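Residues per chain are reported as follows:
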Amino acid sequence: MEACVAVEREVDKVLTKFGSINEHAGRTLRDVTNHIEALRKELSECPPDHELTSNQVMIMKQAMSKARETVQRLATDHRDLHSTVSKVGKAIDRNFVADFASTSRDDVFSSPDKVVLLNKVICQHFYRQGMLDIADELALEAGIDSENEKEPFTELNYILDCLKHRDLDPALEWAEKHRASLQKQNSSLEFKLHQLRFIGLIEKGSSCQNEAIQYARTYLSQFVHTHEKDIQMLMGMLLYLSNGVSRSPYAHLLQPSLWADIYDTFTKDACSLLGLSVESPLSVCVNAGCIALPALLNIKQVMQQRQVSGIWNGKDELPIEIDLGPEKRFHSVFACPILKQQSTEINPPMRLVCGHVISRDALNKLANSNKLKCPYCPMEQNPADARIIYF
């Protein structure tokens, strides 16, 4: 990110210089042009046999000299731009390292089974995006059984495309078909779909009042126990049908954001129901790599300068901790408050009798025979009484 900012600063300098030169050149050329036009007009008003006076000849020479100097000065300014533009290329070369392979391992996807797995991930990504032709061609060339990969995404893409066009029928049919599973995960998808259908009837005005009431009795009544307040707000919209719901306290229910919300809700619940991640695993990996790569390149250069680069390749872990942001945290991570290290399978978090949690390495370091004094409270206990805790 710092490299991008450094390059961006150089680009801003170029754009600023381009803008100032363009403004200056335009203003200067207008002045010269207006001066020459004034002289031409003055000469055109003279009689045909008029001879130029010495003052007029001097004025003409001064005008020609000014035009020549202006052109030379603009050409010099234009040449100066080349050095500024070249600095952008130098900034890119200075801030970006071309050897990205130095941060990767060649053996990661060397085995045939891992190559198949990689092809499946790429193929699944294309199916998620609705690029069925590309995914089918990749599956054919890679020898992947595409039917099992394609089946869930074909239906989901169709329903999502219908939701984009505000067609609720396929989504409602899918929600009713999977009602039991959706209820187990406390999903509000089916209610939100019926809510949008009810709001659509309300938007048609008083002519559809009876139809809206009948729809509420038939479909919304089954959600009274879980969405009572929401249903009360929907019923309140009926009071403003004659005057216009858009000018009522319930105008926010007519916002297009509800359609964006139902799109995200369906994607999340459908993927959860099918055991799929909401985001494409390939997109997550690429985005995480873009965030982590600059830090890895920097630490790689430092390790090479200090001649300790072999440490990285000797362990199946990163040499530094990289924070990918809250959106890339998919599970809880425990860091020992004593040793400031993240827990691992061989160094899990341990719950002491007093309730405080430290890592197993910290427990072993603090233990003295069969006695252990908690580092956070004065309670003494037996180290053997500590239990592994799972987050």
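- According to the UniProt record, the Subcellular location (unreviewed entry) comment for the protein chain is "Cytoplasm".

## Considerations on a nonpolar patch on the surface
Phase 1 of the analysis: A cluster of nonpolar residues, Val-108, Phe-109 and Val-115, forms a patch on the protein surface that exposes about 230 Å² of accessible area.
Phase 2 of the analysis: By the element assignment, Val-108 lies in the loop between α2 (54–95) and α3 (112–128).
Phase 3 of the analysis: Owing to a relative accessible area of 34%, Val-108 belongs among the partly exposed residues under this scheme.

## Looking at helix α12 (residues 281–305)
Phase 1 of the analysis: With 25 residues, α12 extends 35 Å from end C-alpha to end C-alpha; this agrees with the ideal 36 Å at 1.5 Å per step.
Phase 2 of the analysis: The largest bend in α12 is about 40 degrees, located at Ala-292, with the proline Pro-294 one to four residues further on.
Phase 3 of the analysis: Every buried residue of α12 is listed here: Val-284, Ala-288, Ala-292, Leu-296, Leu-297, Ile-299, Lys-300 and Met-303.

## Looking at helix α11 (residues 257–273)
Phase 1 of the analysis: The end-to-end C-alpha separation of α11 is 24 Å, in line with the 24 Å expected for 17 residues at 1.5 Å each.
Phase 2 of the analysis: Taken residue by residue, α11 has Leu-258, Trp-259, Ile-262, Thr-265, Phe-266, Thr-267, Asp-269, Ala-270 and Cys-271 as its buried positions.
Phase 3 of the analysis: Of the residues flanking the end of α11, it is Gly-275, one or two places downstream, whose phi is positive at about 75 degrees.

## Quick word on unusual backbone geometry
Phase 1 of the analysis: Positive phi, normally seen in glycine, also occurs at Arg-166, with a value near 60 degrees.
Phase 2 of the analysis: The topology assignment puts Arg-166 in the loop between α5 (146–164) and α6 (169–177).
Phase 3 of the analysis: Backbone geometry places Asn-186, a non-glycine residue, at a positive phi of 55 degrees.
Phase 4 of the analysis: Counting through the fold element by element, Asn-186 comes out in the loop between α7 (179–184) and α8 (189–203).

## Quick look at the UniProt feature "zinc finger region: RING-Gid-type" (unreviewed entry) in the protein chain
Phase 1 of the analysis: The UniProt record marks residues 336–377 with the feature "zinc finger region: RING-Gid-type" (unreviewed entry), using the residue numbering of this structure.
Phase 2 of the analysis: Helix and strand shares over residues 336–377 are 17% and 19% respectively, and the end C-alpha atoms of the span are 16 Å apart.

## Structural notes on the packing of α8 against α11
Phase 1 of the analysis: Following both chains from N to C, one finds α8 and α11 inclined at 155 degrees, their axes separated by 10 Å at the closest point. Taken together, the axes of α8 and α11 are roughly antiparallel relative to one another. For the crossing formed where α8 meets α11, the hand is left-handed. Residues Leu-189, Lys-192, Leu-193, Leu-196 and Ile-199 of α8 touch α11, and the partners they reach there are Leu-258, Trp-259, Asp-261, Ile-262, Thr-265, Phe-266 and Asp-269.
Phase 2 of the analysis: Classifying every residue of the contact of α8 with α11 by side-chain character gives eight nonpolar, one polar and three charged.

## Details of the packing of α3 against helix α4 (residues 132–142)
To describe two helices that pack against each other, one gives the angle between their axes and the distance between the axes.
Phase 1 of the analysis: Their axes nearest at 8 Å, the elements α3 and α4 cross at an angle of 160 degrees. On the basis of the axis angle, α3 is roughly antiparallel to α4. The chirality of how α3 crosses α4 is left-handed. On α4, the residues touching Asn-119, Ile-122, Cys-123, Phe-126 and Tyr-127 of α3 are Leu-132, Ile-134, Ala-135, Asp-136, Leu-138, Ala-139 and Ala-142.
Phase 2 of the analysis: Taken together, the residues of the contact of α3 with α4 break down into ten nonpolar, one polar and one charged.

Thresholds, definitions, all that
Residues numbered from 1 in each chain as written. Predicted model: local features only at pLDDT ≥ 70, side-chain atom pairs only at ≥ 80, totals over all residues. Heavy atoms only, no water. UniProt positions renumbered as here; feature names shortened; annotations may be inferred. Patch = residues over 30% accessible without salt bridge, like charges linked within 9 Å, V, L, I, M, F, W, Y side chains within 5 Å. Areas by Shrake-Rupley, 256 points an atom, 1.4 Å probe, with all protein chains shown as cover. Salt bridge = Lys/Arg side-chain N within 4 Å of Asp/Glu carboxyl O. Helix = DSSP H or I, 4+ residues; strand = E, 2+ residues; numbered from the N terminus. Buried < 20%, exposed > 50% of the residue type's maximum accessible area, 1.4 Å probe, protein only. Expected span 1.5 Å × (residues − 1). Bend = angle between axes of the 7 residues up to and from the residue. Axes fitted to C-alpha atoms, helices over the stretch in contact; angles between N-to-C directions. Parallel < 35°, antiparallel > 145°, perpendicular 65-115°, else oblique. Left-handed = near helix turned anticlockwise from the far one by under 90°. Contact = heavy atoms within 4.5 Å. Nonpolar A, V, L, I, M, F, W, Y, C, P; charged D, E, K, R; others polar.

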